[in-house]
Amino acid sequence: MVRIYIFRVSLALAVILLGQAPESRAAEGASVQQSITDAQVALRHRHYSQASRTLQDALARFPGNVQLRLELGRVYVYQRQDSRAMEVFRDVLRDDPSNREAKLELARVLSYDKKYEPANQFFRELLTTNPDDEAAAIGLVQNLLFQKKKDEARREVEQALARHPNSLRLQEYRDALLKNQLPLAASGEGNALNRVQADASYFSDTAGNRALREGQRYDLQLGRNLTNSFRLDEKSLWVSQGPKAKIFSVNDEGRVRLASWLFVAGGAGIVRFADDSNRTLYRGTLILHPFKSFWLQGGFSRMPITPTFLSAQFDLLAEGWWTRLDWQLRSWRVSADFSKQHYSDSNRTQQEHAELLRWIGSSHFAVGLGYQYTHSSFTQTFSNGYFNPNQYHSHLGLGGFRFGVGKFYRGEYIAAYGAETVDQNPYQIAWEATAKNRFVLGKLEMGADYTYFHLAQSTGAFRAQVGRMSVAYSF
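Rules of the game
- Residues numbered from 1 in each chain as written.
- Predicted model: local features only at pLDDT ≥ 70, side-chain atom pairs only at ≥ 80, totals over all residues.
- Heavy atoms only, no water.
- Helix = DSSP H or I, 4+ residues; strand = E, 2+ residues; numbered from the N terminus.
- Buried < 20%, exposed > 50% of the residue type's maximum accessible area, 1.4 Å probe, protein only.
- Contact = heavy atoms within 4.5 Å.
- Areas by Shrake-Rupley, 256 points an atom, 1.4 Å probe, with all protein chains shown as cover.
- Salt bridge = Lys/Arg side-chain N within 4 Å of Asp/Glu carboxyl O.
- Pairing = 2+ DSSP bridges.
- Core = buried A, V, L, I, M, F, W, Y, C linked by side-chain atoms within 4.5 Å.
- Patch = residues over 30% accessible without salt bridge, like charges linked within 9 Å, V, L, I, M, F, W, Y side chains within 5 Å.
- Lys, Arg positive; Asp, Glu negative; His and termini not counted.

(A) The overall build of the chain, seen in detail. Each helix and strand counted, the chain has nine helices and 16 strands in total. Taken across its 475 residues, the chain has 41% of its residues classed as buried. For the chain, long-range pairs separated by at least 24 residues make up 47% of all intrachain contacts whose partners lie at least 6 apart in sequence. Put simply, the chain shows about 25500 Å² of open surface, and 58% of that area lies on carbon and sulfur atoms.

(B) Main features of the pattern of salt bridges. In the structure shown here, the tally under the stated rule is 25 salt bridges. For the salt bridge of Arg410 with Glu445, the shortest nitrogen-to-oxygen distance reads 3.6 Å. Remark: Glu445 occurs in strand 15 (residues 444-454) and Arg410 occurs in strand 13 (residues 409-422); sequence separation between them is 35 residues. In the salt-bridge network here, residues are joined through shared partners; they are Arg410, Arg438, Glu445, Asp449 and Arg468.

(C) Highlighting the pairing of strand 10 (residues 348-361). Pairing between strand 9 (residues 332-343) and strand 10: eleven bridges, direction antiparallel. Residue pairing for strand 10: Lys340 is matched across the bridge by Gln350. Once strand 9 ends, the chain turns through four residues before running back antiparallel as strand 10, passing Ser346 with a positive phi of about 85 degrees. Sheet analysis places strand 10 next to strand 11 (residues 365-378), joined by 13 bridges and oriented antiparallel. Across the sheet, the residue bridging to Ile360 is Val367, located in strand 11. What sits between the antiparallel neighbours strand 10 and strand 11 is a turn of three residues.

(D) Representation of the nonpolar core. Judged by nonpolar contacts, the single largest core of 46 residues is most densely connected at Leu55, Leu68, Phe89, Leu106, Phe123 and Val157. Element by element, the count of residues in this core is highest for helix 7 (residues 134-146), at seven residues. Ignoring anything within four residues of it in the chain, the contact list for Leu55 reads Ser35, Ile36, Ala39, Leu68, Glu71, Leu72 and Val75. Formed by 25 residues, the second largest nonpolar core is a distinct cluster that contains Ala245, Ile414, Ala430 and Ala464.

(E) Broad picture of a nonpolar patch on the surface. A surface patch of nonpolar side chains, about 440 Å² in accessible area, is lined by Leu222, Leu226, Val256, Leu258, Val264 and Leu286. Relative to the helices and strands, Val256 resides in strand 4 (residues 245-259).

(F) Representation of the environment of Ser474. The residue Ser474 is located in strand 16 (residues 464-474) in this model. Sequence separation of Ser474 and Arg195 is 279 residues, and the distance between their C-alpha atoms is 4.3 Å.

(G) Layout of the pairing of strand 7 (residues 294-304). Across eight bridges, strand 6 (residues 278-291) lies against strand 7 in antiparallel orientation. Along strand 7, the bridge assignment pairs Thr285 with Gly299. Two successive antiparallel strands, strand 6 and strand 7, enclose a turn made up of two residues. Across eleven bridges, the pairing between strand 7 and strand 8 (residues 317-329) is antiparallel. In the sheet register, Gly298 faces strand 8, and the bridge partner there is Thr323.

(H) Layout of the side chain of Glu432. With respect to the secondary-structure elements, Glu432 resides in strand 14 (residues 428-441). Lys436 provides the closest opposite charge to the buried, unpaired Glu432, separated from it by 9.2 Å. Setting aside anything within four residues of it in sequence, one finds Glu432 in contact with Gln372, Leu396, Ile414, Ala415, Ala416, Thr451, Tyr452, Phe453 and Leu455.

All we've got here are geometric facts, nothing functional implied.
Given below as structure tokens:
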């Protein structure tokens, strides 16, 4: 009888405990999810410390919960505590080597720290386990682009797009790879991060004006959201065999990324004119980048105006507002500029420029067709060495071709033909021709450009030519 009684009591206790276990697990799950929700709300308001404390308190109650540990690792990433984040993700993988989320997050953090090869190993492991893992494919292609392994990146992106044809990010990477085989657009030249560049240009026109400009530029990435650009320029101006005027300028500009689509930039500098007088320069810019191929920027700046030897004698500065739009969508390229400035000699000017270009063809050879419009106006006409008509208009049709030879060479040859008018005079024939050449040897890039103008220049001449050479090293 005693044994039967003990058995019945034990059975009753087991039933009670088994009934409470699901309730306990349900309560734990609800508490964990609430903690994660609270942490995510804090993250959206950038209260990183609060999010971290919320998750740490929850982990004190449920120390083995994988969801809480992963979420805490993500918070550490937001706080830029990459080493702590990696430690969390590695701990999760030690307990569960097949955990996808931990492996993916660890690979991303390694990529942030530019440890591309270890990150690629994790991305490849994820793709081996599940070839349809879109996030892993995107991470791998992005790293290969950063490593400049374009052939591997091209293979991976094509394989990924076969599985995810509607992925916008993969489509953007494929477009970027196609563009990278071709010459850089003018708006994108010299903007690579961690880059040292030297360039020189020579200008001459039919009025006898000559200008030689030499510059050095140093671009540096400082953390994830801050970049800095430092530039030195020396310009020599003369007329035929006459004396020279030398102008020296120094500029430094920093750019901060406030959000994925918003940047703020500011810079200052100094210019020394030919008479050894110094003037300060400055520039403030707001940049909108809502999606990969679209840039809209504008700001207020002060810069020197020195197109000719004569203008250099007046120590001219231009101060005012400006804006620029750049949009490259597959084979289309759209750019537009607007500025409204006042000169230090009391003149005021407004200028607009727009260009539309469509490329037809493949990455190896393409033909371009487009249109270019330019307008400028000045309130006064001075004899201060710069072209200042009351009204100037030009309309030019664009045509040309571009091609690439492997990874070594990219070329772009464009001619513009149309008409221009000055101060309401009848339209006259106007045209220009430009040749751009780029040679790439690993991290070293060399450029050789030439332009012939048969239209109005800032010097006032209507025919001119410019040659430019550049050497840049990215690291």
